[in-house]
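Below, each chain spelled out in residue letters.
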Amino acid sequence: MKQKHLESYLSSLPNRVFTNPKIELEQYPTSVHLTSSIVLTALSKHDAGPGTSVLDLGCGVGMLGLGFALVNSDAVYLIDCDHEALALAKENVDYLMEEELVGTSCSGAEGDGGCMSVEIIAAKVKYLRQSGSGGGGRGGGRGGRGRGRAQKCGAKESTLSSRMDLNVDDGIPLPSKVVDTVITNPPFGTKNNEGIDVQFLRTAIRLARRAVYSFHKTSTRPYLIKLLGSWGLNVEVVAEMKFDIQNMYRFHKQKVKDIDVDLIRVFWEVEGGVEGFGVGDENESMNGEPYSLTNFPGEGDDCGM
């Protein structure tokens, strides 16, 4: 699919911004151009499209996740703790179903079959305070040109499970390695929640079998590369961009402020996900088939950090 066509579909969604943005959740809209750039990057790396499942962690109104649905990923899951945002996301899903762009009877954006299922789940990533990840702000964003710098980060002597506490409840009621790819645009940790971006990243890695795409302040890049290396993972910066923080909240003084942001791709070479990065074999599959996420609806907690 050409980028202009994907942007056209995304622009037709009835809800592209938050009607009642919550600063404690660092909610800012994701632009159509940025969304399309990310989706097509993942598509080019075979992390999205037919034969894949994608989960949008902290989906807001669903722009990113629905972008993956429009390029015919088999199944897409939208997770957020804000019920108002999820109601807007549901309206977006309903619109795409009415247009027969997603759903069991859809013809897809290009007429050759589309995403069969888009599911919405209310759940909240638990905030476990940690130091060293840095803080910042975020906003709608505009896509940048990817530098394609892959970095092999691996520690050979110890297993991942020995380097991480895998028994911590992260608040997301889903099995490990439940989807192929996770996309997340996490809070950057500006509202007395420093390190929440790393917690989102940790949870995303637990849930994915193939790859994770995640946004982080460019200033945190050295820390993240070192951290992911200590976890035995591969990471590449696939794009550098400016996030446009619009004047949305009363404390904003400037009309627009740009923040330097990286889109990173975390990936691994062990088929089925990172070896040792999971809760246990009993959570991976049932009779060789993937879990149905409908078994884990998740009521979610209150969204206050």
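Note that this is a predicted model, so its numbers are computed, not measured.

Trainee: Any details on the packing of aromatic side chains? Residues and values, ideally.
Mentor: Aromatic rings in a pair are described by how distant their centres are and how their planes are angled relative to each other. One pass over the full model with this rule turns up zero aromatic pairs. We note Arg-265 situated over the ring of Phe-267; from NZ or CZ to the ring centre the distance is 4.5 Å.

Trainee: Break down the nonpolar core for me, with residues and values.
Mentor: Core analysis: the biggest nonpolar cluster contains 43 residues, and Phe-68, Val-76, Leu-78, Val-118, Phe-215 and Leu-263 have the highest contact counts within it. Excluding residues that lie within four positions of it along the chain, Val-76 makes contacts with Val-54, Gly-65, Phe-68, Ala-69, Cys-115, Ser-117, Val-118 and Glu-119. Within the second largest apolar cluster, 32 residues are counted, among which are Leu-55, Leu-57, Val-178 and Leu-207.

Trainee: Describe the packing of helix α1 (residues 3-11) against helix α2 (residues 32-44), listing the residues and the values that go with them.
Mentor: Interhelical geometry of α1 versus α2 gives an angle of 130 degrees and a closest axis separation of 9 Å. As judged from the angle between their axes, α1 and α2 are oblique. Considering how the two elements wind past one another, α1 and α2 form a crossing that is right-handed. Counted together, Gln-3, Leu-6, Glu-7, Leu-10 and Ser-11 of α1 and Val-32, His-33, Thr-35, Ser-36, Ser-37, Val-39 and Leu-40 of α2 form the full contact between these two elements. A per-class count over the contact of α1 with α2 returns five nonpolar, six polar and one charged.

Trainee: Please set out the pairing of strand β6 (residues 208-217) residue by residue, giving values where relevant.
Mentor: Two faces make up the sheet, and in a regular strand the side chains alternate between them. Along β6, eight of the ten residues are buried, which leaves the element largely enclosed by surrounding structure. In this sheet, β6 lies alongside strand β5 (residues 179-184) in parallel orientation, the contact comprising five bridges. Among the inter-strand pairings, Thr-184 is bridged to a residue of β6, identified as Ser-214.

Trainee: Could you give an account of helix α7 (residues 221-230), with specific residues and numbers?
Mentor: Of the residues making up α7, those classed as buried are Arg-221, Leu-224, Leu-227, Leu-228 and Gly-229. A positive phi of about 80 degrees marks Gly-232, the residue just after α7.

Trainee: How would you sum up the pairing of strand β1 (residues 53-57)? Please name residues and give values.
Mentor: Counting buried residues along β1, five of its five residues qualify, which places the element largely inside the surrounding structure. Across the two faces of β1 the burial is the same, with Ser-53, Leu-55 and Leu-57 and Val-54 and Asp-56 all buried. Taken together, the five bridges between β1 and strand β2 (residues 75-80) define a ladder with parallel strand orientation. Bridge pairing links Leu-57 to Ile-79 in β2. Following the backbone out of β1, through helix α3 (residues 63-70) and into the adjacent parallel β2, one traces a crossover that is right-handed.

Calculation notes
Every chain is numbered on its own, with residues counted from 1 as its sequence reads. Under the rules for a predicted model, residues below a pLDDT of 70 receive no local features and side-chain atom pairs below 80 are neither given nor counted, while totals for whole chains, interfaces and linings still include all residues. The side-chain values count all of the structure's non-hydrogen atoms but skip hydrogen atoms and water molecules. Two rings belonging to Phe, Tyr or Trp (six-membered ring only in the last case) form a pair when the distance between their centres is within 6.5 Å. Interplanar angles under 30 degrees mark stacking, angles over 60 mark edge-to-face geometry, and anything in between is tilted. In this scheme, Lys NZ or Arg CZ marks a charge over a ring once it lies within 6 Å of the ring centre and within 35 degrees of the ring normal. The criterion is simple. A nonpolar core is a set of buried Ala, Val, Leu, Ile, Met, Phe, Trp, Tyr and Cys residues joined through side-chain atoms within 4.5 Å. For every residue, the accessible area obtained with a 1.4 Å probe (protein chains only) is divided by the maximum for its type, and the residue is called buried under 20%, exposed over 50%, and partly exposed between those limits. We call two residues in contact when some of their heavy atoms are within 4.5 Å. What counts as an axis is a line fitted to C-alpha atoms, over the stretch in contact for a helix, and the angles between N-to-C directions run from 0 to 180 degrees. Labels follow the DSSP assignment, with helices taken as runs of H or I lasting at least four residues and strands as runs of E lasting at least two, numbered in each case from the N terminus. Reported orientations rely on four angle classes, namely roughly parallel under 35 degrees, roughly antiparallel over 145, roughly perpendicular from 65 to 115, and oblique for the rest. Helix crossings fall into two classes, left-handed where the near helix is turned counterclockwise from the far one by less than a right angle and right-handed where it is turned clockwise. Amino acids are sorted into nonpolar (Ala, Val, Leu, Ile, Met, Phe, Trp, Tyr, Cys and Pro), charged (Asp, Glu, Lys and Arg) and polar (every other residue, Gly among them). Any two strands between which DSSP finds at least two bridges are classified as paired. Place the viewer so that the strands point away; then a crossover is right-handed whenever the path from the first strand over the helix to the second strand goes clockwise.

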